[in-house]
Amino acid sequence: MELKIQDLEKRFGGIKALKGISLSLLGNELVGLIGPNGSGKTTLVNIIGGIYKPDSGQIYFNGRDIAGLKPNKVATEGIGRTFQVTRAFRRMTVMENLLVPGMAHDPQLGRETWQKRGREVLDFLTMDHLRNDYARSLSGGQQKLLELGQVLMTDPGLILLDEPFAGVHPKLMETIFDYITTLHSEGKAFIIVSHDMDSIFTLSERLIVLSYGEIIADGDPETVKRDEIVIEAYLGEEDASA
Amino acid sequence: MDYFISLTITGVVMGFIFALMALGLTLIFSILNVINFAHGEFYMLGGYAIFLLLEAFSGVPPILMVPVAGILVAILGIVFEIAFLRPMHEDKIERPAEYAVLITFGLSFFLLNLALALWGPYPHSPPPFIEGSVKFGPIFISADRLVASGMSLLLLALLLLIINKTWLGKALRAVSQDKQAAAVVGINSEVMNTIAFALGVGLAAVSGALLASTFSVTPDVGAVPAVRSYIIIVLGGMGSIPGSIVGAIIIGLVESYGAGYFPDPSRALNYKMAYGLVIFALVLLVRPQGLFGRKEL
Amino acid sequence: MSKITNALRQPIALAALGGLVLILILPLFVQSYWLHVLITAYFYAILASSWALLAGYGGQFSFAHMAFMAIGAYVGGLVAIHLNVPLIASILIGTLAAGLAGLIIGALTLRFKATYLALFTIAFSEILRITIRAEAQITRGDRGLKLTPLFPDSISRVPDYYVLAGLLILCLAFMYWLIQSRVGLFLRAIREDEVAAAARGVDVVRYKVLVFVLTSMIAGIAGAVFANYVTIITPNIMVLPQMGLVIAMAIIGGVESLIAAAIGAILIQISLELLREFGAWRMVIFGALLIVTLRFASSGLLTTIFNRIFKLGPKAELRKGTDGGATDDGT
């Protein structure tokens, strides 16, 4: 797995959301993406995921140019993503929610094959007993896991998680934590956007800090935590909200 | 008088009349975020209302019955809004955007057929406001139409006054900009919704009442004005009051020039609506926010 | 739980089979006048169910459906008259023309949300109607375009009946096959959440346009065939109240269920006949029914009644809790 981003820029109207972002991921890195509100974290994820087209810059995933590809094509390339506010298919069953990414990825394999795969994924998430339930009858936490399950169906090399811990109660947070760790040890790379400092510091091997659309720090959590520029960026946010 | 100038005058005269109904539609969109697909039927009801009022009170000068017709129809609007639109904003409806389209379209279907059942398909004509017509070059404009246009202008001015200078107008503007902020300062957006809807359909009804003697009233008399109103507010910008006025004048002119200059006079009238519709389709495709409006798909 | 759903499936399958047999043997008992009513009912059933597929299932509430039907009718009729194309070929050409129009409109309206889609498709429909009316030299306008009957040598309506009945069954079968396939799965995902569907790999553009093209072709073939049954068409076949009637049928029947929409259409058409003495009040009743259904039984009157009797559907799941339940099989 290799992700190479070079000089990525994006503006919305008059505001430059991303100014010359460059970063590389190689192998199964577990990267935390943090930064004050409005620093461009979700924009970056949305650009990688294909929802926005960058104004300039390149994105290469496993050697292929994915900048400006539509979201469904990005998914095919092997990048999965979850959303800050869970977007499961509410009036479809859990199994159907899992069939969608599978059948979209490779319809030739057939529904039965993908159903089997779906049950594997559900087993992993200990949600198999819910497979015939409608997604909307699931609790918020279960829906978050369902979204993760959808991503796992096609075995992506890189997983983008947008605020996976937001509004999640501690027990479930532990569970998600464990899943991420397990998947990571199985070879998957992660970019995790989060405001939850404790979790992200514990979980990540590498921390990238965004501020006003630029990367102000990129390194191991301990070093980044103590970086003056990073502290200032967050304190600045505190001042503004105080 | 120059043919062009006569056409221009006709266009502007009609434009003011169109503006009143379009303003009603844009007001409803601005406050409730809903396109009232039954707008034409409220226009139609205004026509029947004034006809029935003048039959019942035959001595009264027709012009005085216009606001009465408007108020009566507005009351119907209040009932509908409370029963069928309010639930949308109380989170009782699953897919509110589609629901809004369908329920107002359903209302349109219902009202059209109700009118057909109650009053039959044949035209009803209330007595005119004034007899006679005025000559503008080679073109005659009936006095009635001029009265309608004049009244429309008056009402437009009145409305602009209300919206810009009164507390009600301020409240409406507040809700159209930011419902939650308005709620914080104590403006009840549910009540504003109802008022806006009543006002909006009332304006359509007044339009219908003003033109009842010119065009006669049939159950489907509102169909063309409705489509015209959609065109105007999309062109002007959905939710924009100046937009609906400017848009109305433009469409009035387009229809006038279109009918006046079409090479084949026998088909000219047939295509009158087509010009506006084509503009409409183009605006939706190329610049959906119209001339003045907010950009919202 | 699955044992119960299997058992429940039996009555539904039996009912469907029963319905099929009923449709096929009706001409034996029914007079010519009622055959006409049924033929018209089947025509509306095709339109209502295909609109339900586009709108209820695919989430695209278009008002251009009757326009596509009219394109099928007029293009088919005009090539038959002016180019001497034989009947079946003219029907196919009409169908393809409708499909082409569907492709264009579907592609143009990809990003349109509900309100804008409604406005645009209304505009398209009206422009088409005005043009057909205005170009009376070609289309005969309000006087009507005369077409050759489906069976010129037959005085009985029975052959026409079987053609329309067959067309209805064929269209329903095709649309059901579509729904059970991955197309149906993706359409539902798109309807639920377009952004999420794309993120999960669904080619949203392709499937949105596909459902538009397919349903417009179904409307087109219904138009072309029915036109040759009634043998005369005017632009009034596509006035907005007609679109309203089809929408009412689909919604009252059940906008997310093809068979409910079809049955809704047939029942409404039959009711309209039976209630003839009520005159214009018939439509008033259906208008009221439409509004009330939208407000209180949005998945359709028939569907709601059916679900209550058999305790199926998403709401039943919520009432029961999460102890498993019937799977959503698209009906």
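Placed above this text is the structure.
It should be emphasised that the depicted structure is a prediction, and the values quoted were computed from it without experimental measurement. (Residues numbered from 1 in each chain as written. Chains lettered and ligands numbered in written order. Predicted model: local features only at pLDDT ≥ 70, side-chain atom pairs only at ≥ 80, totals over all residues.)

1. Brief notes about the interface of chain A and chain C
Note: interface size is frequently given as the accessible area lost on complex formation between the parts.
Next up, step 1: Taken residue by residue, the interface counts 27 residues in chain A and 25 residues in chain C.
Next up, step 2: Only α2 (71-77) and α3 (94-105) of chain A provide two or more residues apiece to the side of chain A that touches chain C. (Contact = placed C-beta atoms within 7 Å. Helix = DSSP H or I, 4+ residues; strand = E, 2+ residues; numbered from the N terminus.)

2. Overview of the pairing of strand β3 (residues 30-34) of chain A
The side chains of a regular strand alternate, first on one face of the sheet and then on the other.
All names here are of chain A.
Next up, step 1: Of all five residues in β3, five are buried, a share of seventy percent or more.
Next up, step 2: With burial as the criterion, each face of β3 is covered, one bearing L30, G32 and I34 and the other bearing V31 and L33.
Next up, step 3: As paired strands, β3 and strand β8 (residues 189-193) are joined by four bridges and run parallel to one another. Pairing of L33 across the sheet is with V193, part of β8.
Next up, step 4: Of the pairings in the sheet, the one linking β3 to strand β9 (residues 206-211) comprises four bridges and is parallel in character. Looking at the pairing, I34 lines up with V209 of β9. (Buried ≥ 20, exposed ≤ 12 C-beta atoms within 10 Å, placed from the backbone. Pairing = 2+ DSSP bridges.)

3. A word on the sheet that holds β3(A)
Residues and elements named next belong to chain A.
Next up, step 1: In spatial order, the strands read β6-β7-β8-β3-β9-β10; together these six strands make up an open sheet with mixed pairing. Both edges of this open sheet fall to β6 (79-81) and β10 (214-219), since each of them pairs with a single strand only. On average, each strand axis in the sheet is inclined to that of its neighbour by 15°, with strand direction left out of account.
Next up, step 2: Pairing geometry for strand β7 (residues 158-162) and β8, over five bridges, is parallel. Note that in β8 the partner of L161 across the bridge is I192.
Next up, step 3: Against the sheet, helix α1 (residues 41-48) contacts β3, β6, β7, β8 and β9, and its axis sits at roughly 145° relative to β7. (Axes fitted to C-alpha atoms, helices over the stretch in contact; angles between N-to-C directions.)

4. Structural notes on the packing of helix α2 (residues 39-56) of chain B against helix α4 (residues 96-119) of chain B
Residues and elements named next belong to chain B.
Next up, step 1: Two numbers describe how α2 lies on α4: the axes approach to 9 Å, and their chain directions differ by 25°. Between α2 and α4, the angle is such that the two are roughly parallel. Like other packed secondary-structure pairs, α2 and α4 cross with a definite hand, here left-handed. Facing G40, E41, M44, L45 and Y48 of α2, the residues of α4 in contact are S108, L111, L112, A115 and W119.
Next up, step 2: Residue composition of the contact of α2 with α4, by class: seven nonpolar, two polar and one charged. (Parallel < 35°, antiparallel > 145°, perpendicular 65-115°, else oblique. Left-handed = near helix turned anticlockwise from the far one by under 90°. Nonpolar A, V, L, I, M, F, W, Y, C, P; charged D, E, K, R; others polar.)

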